[in-house]
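Spelled out from the first residue to the last, the chains are:
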Amino acid sequence: MEVLIGAGVLAATIRLATPVALAALGGVVTERSGVVNIALEGCMLVGAFFGVFAADKTGSLPAALAVAILAGLALAAMHAVAAITFRADQIVSGMALNILALGLTSYLDYQLYSSTGTPPTIPLVPNVHLGFLEKVPVLGGAVGDQSAIVWVTLAIVVFLQLFLFRTVPGLRLRSVGEHPRAADTLGIDVRRTRYWAVLASGALAALGGVYLSLSVAGSFSDNMTNGKGFIGLAAMIFGRWTPLGALGAALVFGYGDALSVSLQGVEVAGFVFPVQLLSTIPYLLTILAVAGFVGRSRMPAADGQPYESEGH
Amino acid sequence: MRQPSFDWTQGPAIPVVSVLFALVLGGLFVWISGHDPIQAYAALFRGAFGSPYDVSETLVIAVPLLLAGLSVAVAFRAGLFNIGAQGQLLVGAVAAGWVGALWPDLPGILLLPLTLAAGVLGGAAYGGIAGWLKAARGVNEVITTIMQNYTIVFVMHWLLQNGPMQAPNAFGTPASAPIGAGAILPIVLPDFLVPSSRLHAGIVLALLATLGFWFLLWRTSLGYELRAVGLGMRAAAQAGIDPRKRMVIVMAIAGGFAGLAGMIQVSGLFHRVYDGFSAGFGFDAIAVALLGKNTPVGVLLSALLFAAFSRGGTLMQSDAEISSHLVEIVEALVLFVIAAETVVRAVARRWGRPVKAAS
Amino acid sequence: MKRLLAFALMTMTVAAACGGGAGTASPSPSAAATSAAPSKTAAPTAAAVKVGLVTDVGGLNDKSFNALANQGRLDAEKDLKVQTSVTESKKQEDYVPNLTNYAQQKYDLVIAVGFLMTNATWKVAKQFPDVKFAIIDGAPANDKGDTENLPNVANLFFKEQEAGYLVGVIAATMAKNKVGKATHNTVCSMGGIPIPPVDRYIAGYQDAVKTVSPTTTILNGYSNDFVDQAKGKEVGLNHISKNCDILFQVAGASGLGYIQAAKDKGVYAIGVDADQAYVAPGTVLTSALKRVNKAVYDTIKAVVNKTFKAGDNSFNATNDGVGYGTLDPAVPADAKAAADKALADIKSGKITPKDAVQVK
């Protein structure tokens, strides 16, 4: 049982779900406004690299986080300009920016840190120790010692859920993604709303990236996000384009990922499952969960469609 | 996720100008990094087209890109986003490699069609699962195909790393046993023309598949229905087409194209299955399809462009000493500028050329 | 839009100008397109030996054997006045054309990094019998998959199990004596994927632990990946939760996450391939070294000195091809002494470390 629902597995679930959840939250915000941003992966990667880079250069954690998020914003801004102003194909633009992010971060990392890696002394995001939970079985072990970014992520989920569905600006954002023409008629600036949403998605994904580099790994390595931005995209759909749903989807994936580690070497009736097949658990679990419990989901009606206002 | 557009027919001027503009932008980047852009592009060009051998190698890369591109394109045409061409390609390769090595002594007239069928059907089945899950359970195909891409990678790890498909003489190398001689696609360029060329008959299959893609979509009633579904669910439903029934077929066809790509890599190039091979074709294929506006000629041309970058890019590193990552950056800029083609349109309009805007 | 046009024009002008401006060293495009050799400002003499290195898909920044191979190339360029070039392979399809490119340009030596290139090396080396080739971690394999040595190919093999054995002796000695943070008498390892060059390290490591300290518990795992640090860290945290306090990584960049787990939890780690003491001082006890740089350097030197030897070339503890790296102050003198004794015994043939993994 310990390998299935023990505190260790649950703690690992949360750690592995966090970057996916942040990417998925970015996806929710941008797609709710009607812009597909497949460059979440790239935003994560620049966040991961520039966070480490700034941590090394400034020695300051707040500066590192700020630079990481700025990097995500910059990449997202390129996507926004292409997708919103120039009405480019959003998927091609996103793919291009993913390649750009991979090339740029790998290039800079090699030029700057190839021989020795980033210094081991860079400031890292601290964990939050919840001493009062220590005595609580399972829960204490699961959440008692998680990165500060994990708690920030949780706060963002709550905030976004309220923002999108309980506030007027949130309603405006969604209306731009559902029916931009009507929103325009009502005096909502469609382009500006979409710009903000795309920028926010870049910042959120970059936070997911910097979590990987400055909280999990303590360093940067080529392509270290390893597709988590795409998993985030899937989690966004899985979670029906809602922040809470995205978190739930990320947790399902993270749980599968945690199992693929905790089940290594575990003997069941004298049989040890091959490690390679254990690694398929998070992917199969996600498909099964969607097929079994979530089913059909509806994307925002104007998702991915460029908007050209009447006046132009 | 998006509606395919239909405006490739506006002539080649805009895409060509876009590529040139992008190359200038990329050159600027190369120059900033302290290299000579002219020398860089000379190496790029030489690597892709400098000699008959280089051209043949560019075509070798273009073949799987073209087929995977068709896979993505056929799904887009029907309004589905197939991110899973990569996974379907690998399943096709595994199926073809398995069948090709199962009866190595069969004559080619039997073994080649069997291997071909295995690859195509393997990819089609894998794609069909995504279509079926969407039709039956409402699972968005983006989720399924992303997850399938990862799943097959780990299944291949298991099959080939000391697993059931590993060749007995591999000494631990994650490779399968070679396929029978009958399953091998012959080299199409004779040695006296291009020495040691690897260009195989897969290129013929790929061109036939492109023709088939065109025929299917524009000359059959199924193709008409698929395009109708792609243009809008409600409209299709009004025309009496059940979009759900078409999903399985579309994704199976898409998987079939990708599976064929995998089969060709096995039968034409490697003659066995390696763990972790053909990485990235299925992802590049998304850009290939969209850049080519999901049309046969467009996909063909953009597959060639990507293949040229792939081959030329390595020469930029070996001959012009430019980091492969800078090459990636240039490639990304090209792609980005082409995506934002309207920039070029706007500029062209300023020049006073009568260029019709995208509808 | 006017500004945009102006920018475009300016861009083109600048690019054209810099193309011409940097002109002294750059040939015209047509010249570059036809001439094979890369142009360099300080071109070596015509007789200089030309060496091309082709990495596998891991790339130059893999923090592992591709990076080391490139280090050997750069060292040789500096010391031996050879002219070198490197190409990163992006996919398996690239191996043959990348090797062919150098061979066609009449390079003297073409080095293939990694055992995934065994068949590609065989193909290209057969076509270019006048060009010398070297392949790291493998031997040329023909289309049937059988090893077929060629007179122009040097196979550079490493006895990773010997390096694994040496660090295993250090780990076992510390675990047995409960030195410092190693209090649970449990050691573990994580490979990237179960392939021979990875498993040989782990096999030697386990062999040493079983020999030196039979009571020590051994764990092993895989990240199934060479890239994903997060996954490597999870395997590490999982091992630490099972009382492991010395973690040996054999997983490239993914293994850096494994080391980070040890650092976070205040236990010990052991690096691999390169000397990874820099990754986490105080955590990384030592590293199992596989001196791919030395193998590349020596092979280039052999070509320069015309002593190139085709067929199997072994790099092992005896010829300093493998070994252990910088020792952290946490490693006690008796552990170092035990490792040095094991090294002497391996050299004298008294110990032959196993090359098959026992604890999977």
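K.L.:
Looking at this structure, I do not really get the overall build of chain B. What am I missing?
P.N.:
What chain B contains, in helices and strands, is 14 helices and zero strands. In sequence order, chain B lays out its α and β elements as α-α-α-α-α-α-α-α-α-α-α-α-α-α. Split into buried and exposed, the 359 residues of chain B put 66% on the buried side. Summing over all exposed atoms, chain B offers an accessible surface of approximately 12400 Å²; the carbon and sulfur share of this is 71%.

K.L.:
Would you mind showing me how to read the overall build of chain C here?
P.N.:
When its secondary structure is counted, chain C shows 11 helices and 12 strands. Considering chain C as a whole, with its 360 residues, one finds that 63% of them fall into the buried category. Sequence-distant contacts in chain C: of pairs separated by 6 or more residues, those separated by 24 or more amount to 67%.

K.L.:
Please explain the interface of chain B and chain A as it appears in this structure.
P.N.:
Interface size is commonly expressed as the accessible area that is lost once the parts come together. Taken together, the contacts link 43 residues of chain B with 50 residues of chain A. Approximately 4300 Å² of surface area, both sides summed, lies buried where chain B meets chain A, with 76% of it carried by carbon and sulfur atoms. Here chain B and chain A share zero salt bridges between them. Along the contact surface separating chain B from chain A lie four residue pairs in polar contact (both at pLDDT 80 or more).

K.L.:
Got a minute to help me understand the nonpolar core in this structure?
P.N.:
Note on soluble globular proteins: their nonpolar side chains tend to be buried together. Grouped together as the largest cluster of nonpolar side chains are 201 residues, with contacts concentrated most on A:L214 and B:L67. The element best represented in this core is helix α3 (residues 52–77) of chain B, accounting for 14 residues. Apart from residues lying up to four places away in sequence, B:L67 is in contact with B:A206, B:A209, B:F257, B:A258, B:L260, B:A261 and B:I264. Of all hydrophobic cores here, the second largest spans 72 residues; its members include C:F65, C:I202, C:Y222 and C:A339.

K.L.:
It is not clear to me how the domain arrangement of chain C should be interpreted in this structure. Could you clarify?
P.N.:
All names here are of chain C. Domain boundaries assigned for chain C yield domain 1 (47–158) and domain 2 (160–289 + 321–348). Its C-alpha centre places domain 1 at a distance of 30 Å from the equivalent point of domain 2. With eight residues of domain 1 at the contact, the number on the domain 2 side is 12 residues. Of the roughly 800 Å² buried between domain 1 and domain 2, counting both surfaces, carbon and sulfur atoms make up 62%. Taken as a group, K63, F115 and F158 account for 60% of the area that domain 1 buries against domain 2, more than any other trio of residues on that side. Counting every contact that joins domain 1 to domain 2 gives zero salt bridges. Here domain 1 and domain 2 share two residue pairs in polar contact (both at pLDDT 80 or more) between them. Across the side of domain 1 that touches domain 2, the residue classes break down as four nonpolar, one polar and three charged.

K.L.:
Help me understand the sheet that holds strand β2 (residues 83–87) of chain C in this model?
P.N.:
Sheet strands pair via backbone hydrogen bonds, and the direction of the pair is either parallel or antiparallel. All names here are of chain C. The strand order across the open sheet built from six strands is β2-β1-β3-β4-β5-β11, with neighbouring strands paired in parallel fashion. Strands with a single pairing partner mark the edges of an open sheet, and in this sheet they are β2 and β11 (311–315). For this sheet, the mean inter-axis angle between neighbouring strands, taken without regard to orientation, is 20 degrees. Examined bridge by bridge, strand β4 (residues 132–136) and strand β5 (residues 153–158) share four bridges and lie parallel to one another.

K.L.:
Teacher, can you tell me more about a nonpolar patch on the surface here?
P.N.:
A grouping of B:V188, B:V204, B:L208, B:L211, B:W214 and B:F215 is seen on the molecular surface, where their side chains present a nonpolar patch of about 550 Å² in accessible area. Among the secondary structure elements, B:F215 is positioned in helix α7 (residues 202–219).

K.L.:
Can you walk me through the packing of aromatic side chains in this structure?
P.N.:
We describe a pair of aromatic rings using the distance from one ring centre to the other and the angle between the two ring planes. Taken as a whole, this structure holds 20 aromatic pairs over all chains when the rule is applied. Pairing B:F270 with B:F277 gives two aromatic rings, centres 5.4 Å apart and planes at 45 degrees, and the pair type is tilted. Of the two residues, B:F270 and B:F277, neither departs from the other in class, the shared state being buried. Centroid distance C:Y102 to C:Y107: 4.7 Å. Interplanar angle 55 degrees. Geometry classified as tilted. In this pair, the class of C:Y102 matches that of C:Y107, namely buried. An aromatic cluster of at least three residues, connected via ring pairs, comprises A:F49, A:F50, A:F53 and A:F220. Taking NZ or CZ as reference, C:K290 lies 5.7 Å from the ring centre of C:F65, over its face.

K.L.:
Just checking my understanding: could you explain the sheet that holds strand β6 (residues 186–191) of chain C for this structure?
P.N.:
All names here are of chain C. Read across the open sheet, the six strands follow the order β7-β6-β8-β9-β10-β12; overall the sheet is mixed. Edge positions in the sheet fall to β7 (217–222) and β12 (322–324), since each has one partner strand and no second. With direction set aside, neighbouring strand axes in the sheet form an average angle of 15 degrees. Relative to β7, β6 is paired through six bridges, and the arrangement is parallel. Of the residues in β7, the one forming a bridge with V187 is I218. Packed on one face of the sheet, helix α9 (residues 252–265) meets β6, β8 (246–250), β9 (268–273) and β10 (284–290) and runs near 170 degrees to β8.

K.L.:
Quick question: what am I supposed to make of the state of the cysteines here?
P.N.:
In protein structure, a disulfide is the covalent linkage between the sulfur atoms of two cysteines. Residues and elements named next belong to chain C. Applying the stated criterion across every chain yields a total of one disulfide over all chains. Across the disulfide, C188 is cross-linked to C244 (sulfur-sulfur distance 2.0 Å). Here C188 and C244 share a disulfide; its torsion about the S-S bond, -80 degrees, makes the bridge left-handed. Of the two residues, C188 sits in strand β6 while C244 sits in the loop between α8 (229–241) and β8, which places them 56 residues apart along the sequence.

K.L.:
What is the right way to look at the environment of A:V294 in this model?
P.N.:
All names here are of chain A. Considering the arrangement of structural elements, one finds V294 in helix α14 (residues 281–294). Along the sequence, V294 and R240 sit 54 residues apart, while their C-alpha atoms lie 8.5 Å from each other. In this view, V294 contacts F238, R240 and A289; residues no more than four positions away in its chain are not counted.

K.L.:
When you look at helix α5 (residues 108–137) of chain B in this model, what are you seeing that I'm missing?
P.N.:
For an α-helix the count is 3.6 residues per turn, leaving residues at separations of three or four pointing the same way. Taking 1.5 Å as the rise per residue, α5(B) with 30 residues should run 44 Å; its terminal C-alpha atoms sit 42 Å apart, in good agreement. Following α5(B) by one or two positions, B:G138 adopts a phi angle in the positive range, close to 70 degrees.

K.L.:
Looking at this structure, how should I read the pairing of β9(C)?
P.N.:
As a general feature of sheets, a regular strand has side chains that alternate between the two faces. Residues and elements named next belong to chain C. Among the six residues of β9, six are classified as buried, and the element is accordingly described as predominantly covered. The pairing of β8 with β9 spans three bridges and is classified as parallel. Within β9, the residue paired with I246 across the bridge is Y268. Of the crossover connections in this fold, the one passing from β8 over α9 to the parallel β9 is right-handed. In terms of strand pairing, β9 meets β10 through five bridges, oriented parallel. Bridge assignment links A269 to a residue of β10, and that residue is V284.

K.L.:
Explain empty space enclosed by the protein here, please?
P.N.:
Taking a probe equal in size to a water molecule and rolling it over the atoms shows the remaining empty space. This structure, assessed with the given rule, holds 10 cavities of 30 Å³ or more. Considered as a void within the structure, the second largest cavity measures approximately 130 Å³ in volume. If you go around the second largest cavity, you meet 13 residues; those closest to its centre are A:G117, A:T118, A:S219, C:L256 and C:V279.

K.L.:
Would you mind showing me how to read helix α2 (residues 7–32) of chain A here?
P.N.:
Residues and elements named next belong to chain A. Look at α2: 35 Å from first C-alpha to last across 26 residues, which is about the 38 Å you get at 1.5 Å a residue. Maximum bend of α2: about 35 degrees, positioned at T18, with proline P19 one to four residues after it. At the exit of α2 stands G34, carrying a positive phi of roughly 100 degrees.

K.L.:
Would you explain the packing of helix α3 (residues 40–58) of chain A against helix α5 (residues 90–113) of chain A in this entry?
P.N.:
Residues and elements named next belong to chain A. Between α3 and α5, the shortest axis-to-axis distance is 8 Å and the interhelical angle comes to 20 degrees. Taken as axis vectors, α3 and α5 run roughly parallel relative to one another. In terms of crossing hand, the pair formed by α3 and α5 is left-handed. Where α3 approaches α5, its residues L40, E41, G42, L45, V46, F49, F50, F53, D56 and K57 are matched on the opposing element by N98, A101, L102, L104, T105, L108, D109, L112 and Y113. The residue inventory of the contact of α3 with α5, partitioned by class, reads 12 nonpolar, three polar and four charged.

K.L.:
Help me understand the pattern of salt bridges in this model?
P.N.:
Pairing between side chains of opposite charge can happen when the charged atoms of each approach one another. In the structure shown here, the tally under the stated rule is 26 salt bridges over all chains. One salt bridge connects A:D109 with C:K63, and the closest N-O pair in it is separated by 3.4 Å. Residue A:D109 is found in helix α5, and its partner C:K63 is found in the loop between β1 (50–54) and α3 (65–80); the two belong to separate chains. Here A:D109 matches C:K63 in class, with each residue buried. Salt-bridge contacts for C:D340 lead to C:K336; the nearest nitrogen and oxygen are separated by 2.7 Å. One end of the pair is C:D340 and the other is C:K336, both in helix α11 (residues 333–348) and four residues apart, which spans about a single turn. Connected via shared salt-bridge partners are C:D137, C:E160, C:R200 and C:K290.

Conventions we followed
Residues numbered from 1 in each chain as written. Chains lettered and ligands numbered in written order. Predicted model: local features only at pLDDT ≥ 70, side-chain atom pairs only at ≥ 80, totals over all residues. Heavy atoms only, no water. Helix = DSSP H or I, 4+ residues; strand = E, 2+ residues; numbered from the N terminus. Buried < 20%, exposed > 50% of the residue type's maximum accessible area, 1.4 Å probe, protein only. Areas by Shrake-Rupley, 256 points an atom, 1.4 Å probe, with all protein chains shown as cover. Contact = heavy atoms within 4.5 Å. Buried area = accessible area lost by both parts, 1.4 Å probe. Salt bridge = Lys/Arg side-chain N within 4 Å of Asp/Glu carboxyl O. Polar contact = N/O pair within 3.5 Å; in protein donor to acceptor, adjacent residues only side chain to side chain. Core = buried A, V, L, I, M, F, W, Y, C linked by side-chain atoms within 4.5 Å. Domains from an automatic or database assignment. Nonpolar A, V, L, I, M, F, W, Y, C, P; charged D, E, K, R; others polar. Pairing = 2+ DSSP bridges. Axes fitted to C-alpha atoms, helices over the stretch in contact; angles between N-to-C directions. Patch = residues over 30% accessible without salt bridge, like charges linked within 9 Å, V, L, I, M, F, W, Y side chains within 5 Å. Phe/Tyr/Trp six-rings, centres within 6.5 Å; stacked < 30°, edge-to-face > 60°. Lys NZ or Arg CZ within 6 Å of the ring centre and 35° of its normal. Disulfide = S-S within 2.5 Å. Expected span 1.5 Å × (residues − 1). Right-handed = clockwise from strand over helix to strand, strands pointing away. 1 Å grid on protein atoms, 1.4 Å probe; cavity = no way out; pocket = protein on both sides within 12 Å on 5 of 7 lines; lining within 4 Å. Points joined across faces, edges and corners; volume = space filled by probe spheres on them. Bend = angle between axes of the 7 residues up to and from the residue. Parallel < 35°, antiparallel > 145°, perpendicular 65-115°, else oblique. Left-handed = near helix turned anticlockwise from the far one by under 90°.

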